Amino acid sequence: MTGLSTILIVVGLFLLGGMYSFQKQGLPRGVIVLLGIGSFMCLLAGVLRLDVWS
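In short, a report on the structure.

Here is what the cut-offs are and how they apply
- Residues numbered from 1 in each chain as written.
- Predicted model: local features only at pLDDT ≥ 70, side-chain atom pairs only at ≥ 80, totals over all residues.
- Heavy atoms only, no water.
- Helix = DSSP H or I, 4+ residues; strand = E, 2+ residues; numbered from the N terminus.
- Rg over C-alpha atoms; globule rule 2.2 N^0.38 Å.
- Contact = heavy atoms within 4.5 Å.
- Areas by Shrake-Rupley, 256 points an atom, 1.4 Å probe, with all protein chains shown as cover.
- Expected span 1.5 Å × (residues − 1).
- Buried < 20%, exposed > 50% of the residue type's maximum accessible area, 1.4 Å probe, protein only.
- Arc of directions from axis to C-beta.

## Quick notes on the overall build of the chain
No. 1: Per the secondary structure count, the chain includes 2 helices and 0 strands.
No. 2: Relative to the compact-globule value of 10 Å for 54 residues, the chain shows a C-alpha radius of gyration of 13 Å, a clear excess of over 25%.
No. 3: Of all intrachain contacts in the chain linking residues separated by at least 6 positions in sequence, the fraction that spans at least 24 positions is 66%.
No. 4: Surface summary for the chain: the accessible area is close to 4000 Å², and the carbon and sulfur share equals 76%.

Below, the structure written as structure tokens:
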């Protein structure tokens, strides 16, 4: 299952980068918060699914 973990971590980092980009553009704070929550959830799920942690 390391492939799924890798995908989740990459998607989380992608969303984190989008959050940073949207903050630089001055988009509404609600969009930035939702992206932050989504990236945190993807990163957490990816790390928890790694075989090293289980």
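Here the narrative resumes.
## Section: helix H2 (residues 29–48)
No. 1: Helix length check: H2 (20 residues) gives 28 Å between terminal C-alpha atoms against 28 Å at 1.5 Å per residue, within 8%.
No. 2: Among the residues making up H2, those that are buried are Ile 32, Leu 35, Gly 36, Ser 39, Cys 42 and Gly 46. Down the axis of H2, the buried side of the element spans an arc of 135°, and every buried residue falls inside it. The exposed residues of H2 that point more than 90 degrees off its buried face are Arg 29, Leu 34, Phe 40, Met 41 and Leu 48.
No. 3: Buried residues along H2 sit in contact with helix H1 (2–25).

## Examining the environment of Ile 9
No. 1: With respect to the element layout, Ile 9 can be found in helix H1.
No. 2: The spatial distance from the C-alpha of Ile 9 to the C-alpha of Ile 32 is 19 Å, given a sequence separation of 23 residues.
No. 3: Once you skip the residues sitting within four places of it in the chain, Ile 9 turns out to touch Cys 42, Leu 43, Gly 46 and Val 47.

## Topic: the environment of Leu 4
No. 1: Residue position: Leu 4 is located in helix H1.
No. 2: Leu 4 sits in the partly exposed class, given a relative accessible area of 38%.

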